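Spelled out from the first residue to the last, the chains are:
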Amino acid sequence: MGRGFQAFVTVVMRYEDHDTVAEFERRVSGMPEVVEAYRLFGDPDFLLRVAVADLAAYERFYSETLSGLPGVAQVTSHLAMKSVKPDAGLPVTG
């Protein structure tokens, strides 16, 4: 699949007016590199899970795409050391 490098990315917005946030969300939603995106209460404002081919591809995505999105003040990358409990979906109860 060519997406073996993953990063969790937090985004702090400089401008949080409705139009800026809506445009940020629209653009992030259309990016194939962003496999999950969440708007958070408090600080930071967004949490993204990004999957790309390798570190060089992430650096390009970070520099050329993420940091230039509307209203962005700060982008911070978090790289996982290991997966302690991978996502197995929600438990089925019944």
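Since the structure is predicted, the reported quantities are computational estimates derived from the model, not experimental observations.

Engineer: Honestly, the layout of surface pockets in this entry has me stumped. Any pointers?
Structural biologist: Taken as a whole, the largest pocket holds about 240 Å³ of empty space. Taken together, the residues of the lining of the largest pocket sort by class into five nonpolar, two polar and five charged.

Engineer: I tried to follow the pattern of salt bridges on my own but got confused; where do I start?
Structural biologist: Oppositely charged side chains can form a pair if their charged atoms are brought close together. Under the defined criterion, the tally for this structure stands at two salt bridges. The shortest N-O distance in the salt bridge between Glu23 and Arg26 comes to 2.7 Å. Remark: Arg26 and Glu23 occur in helix α1 (residues 18-29); sequence separation between them is three residues, near one turn of the helix. By relative accessible area, Glu23 is classed as partly exposed at 26%. Where Glu36 meets Arg49, a salt bridge forms, and the shortest distance between an N and an O atom there is 2.6 Å.

Engineer: Can you help me understand the side chain of Thr20 in this one?
Structural biologist: Relative to the assigned elements, Thr20 resides in helix α1. Assessed through its relative accessible area of 17%, Thr20 is described here as buried. When sequence neighbours within four positions are dropped, the list of residues in contact with Thr20 reads Met13, Tyr15, Pro70 and Gly71.

Engineer: Could you clarify how one ought to interpret the side chain of Thr10 in this entry?
Structural biologist: Its place among the elements puts Thr10 in strand β1 (residues 5-13). Within the local environment of Thr10, its side chain forms a polar contact with the side chain of His78, the two groups lying 3.3 Å apart. Here Thr10 is in contact with Pro44, Phe46, Leu47, Gln74, Val75, Thr76 and His78, once residues within four sequence places are set aside.

Engineer: Would you mind showing me how to read the sheet that holds strand β4 (residues 72-78) here?
Structural biologist: Strands pair in a sheet through their backbones, by hydrogen bonds, and they do so in one of two ways: parallel or antiparallel. Ordered by their spatial adjacency, four strands build an open sheet running β2-β3-β1-β4, and the pairing between neighbours is antiparallel. Strands at the two margins of the open sheet, each flanked by one partner only, are β2 (34-39) and β4. Taken over all neighbouring pairs, the strand axes of this sheet differ in orientation by 20° on average, direction set aside. Pairing analysis gives seven bridges linking β1 to strand β3 (residues 46-52), with the strands arranged antiparallel. Note on β3: the bridge partner recorded for Val11 is Phe46.

So, how was this worked out
Residues numbered from 1 in each chain as written. Predicted model: local features only at pLDDT ≥ 70, side-chain atom pairs only at ≥ 80, totals over all residues. Heavy atoms only, no water. 1 Å grid on protein atoms, 1.4 Å probe; cavity = no way out; pocket = protein on both sides within 12 Å on 5 of 7 lines; lining within 4 Å. Points joined across faces, edges and corners; volume = space filled by probe spheres on them. Nonpolar A, V, L, I, M, F, W, Y, C, P; charged D, E, K, R; others polar. Salt bridge = Lys/Arg side-chain N within 4 Å of Asp/Glu carboxyl O. Helix = DSSP H or I, 4+ residues; strand = E, 2+ residues; numbered from the N terminus. Buried < 20%, exposed > 50% of the residue type's maximum accessible area, 1.4 Å probe, protein only. Contact = heavy atoms within 4.5 Å. Polar contact = N/O pair within 3.5 Å; in protein donor to acceptor, adjacent residues only side chain to side chain. Pairing = 2+ DSSP bridges. Axes fitted to C-alpha atoms, helices over the stretch in contact; angles between N-to-C directions.

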